Amino acid sequence: MDGYELKRRDFLKKLGLISGAALVGAGGVAELISEKKEEIVLTPEQKEFMDRYENWLEEFHDMAKFQKIDAEHLENNKKLMALSEQAGKFQKELVEYMKSEDFARYYMIVTERVTNTI
């Protein structure tokens with residue numbers, strides 16, 4: 001693995017995508033993603049978390065797309081670093097919520113788009 005790949009992998013760990021997927025289990029990811037998020041019922045706390053997370057994820061998605069075009073763009077890289085710091089704040093809640101199958105399913109649906117971009 002080169003330095004870029006190690007940094008990318010580290011960032012994804014902070015983001016929770018790797019740990020989230022591990023909590024769900026690699027074998028069940030495709031099955032979980034097959035549903036639509038509108039069909040999944042979340043608790044009010046889970047919904048509030050996902051609203052915040054989806055807003056963050058949308059911004060991250062835009063930055064990640066731009067980085068694929070221009071990996072050396074300083075301002076974009078600064079924004080990605082700030083977003084990665086925010087991701088660390090989500091992790092404790094995320095780990096707890098991932099214990100719920102419904103939440104895990106919803107989470108995987110939401111994050112599929114950004115993982116495909118990265």
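Residues numbered from 1 in each chain as written. Predicted model: local features only at pLDDT ≥ 70, side-chain atom pairs only at ≥ 80, totals over all residues. Heavy atoms only, no water.

Peer 1: Please explain the pattern of salt bridges as it appears in this structure.
Peer 2: A pair can form between side chains of opposite charge whenever their charged atoms are brought close. All chains considered together, the criterion is met by seven salt bridges. The salt bridge involving lysine 47 is made with aspartate 51; its shortest N-O contact spans 2.9 Å. Of the two residues, lysine 47 and aspartate 51 both sit in helix α4 (residues 44–69), four residues apart, roughly one turn of that helix. Given a relative accessible area of 38%, lysine 47 falls into the partly exposed group. Each member of the salt-bridge network shares a partner with another, and the members are Glu48, Arg52 and Glu93. (Salt bridge = Lys/Arg side-chain N within 4 Å of Asp/Glu carboxyl O. Helix = DSSP H or I, 4+ residues; strand = E, 2+ residues; numbered from the N terminus. Buried < 20%, exposed > 50% of the residue type's maximum accessible area, 1.4 Å probe, protein only.)

Peer 1: Looking at this structure, how should I read the environment of tyrosine 106?
Peer 2: Mapped onto the fold, tyrosine 106 is located in helix α6 (residues 101–117). Spatially, the C-alpha atoms of tyrosine 106 and leucine 42 are 8.4 Å apart, while their sequence positions differ by 64 residues. The residues touching tyrosine 106, leaving out its near neighbours within four places in the chain, are Lys37, Ile40, Leu42, Lys47, Met50 and Glu54. (Contact = heavy atoms within 4.5 Å.)

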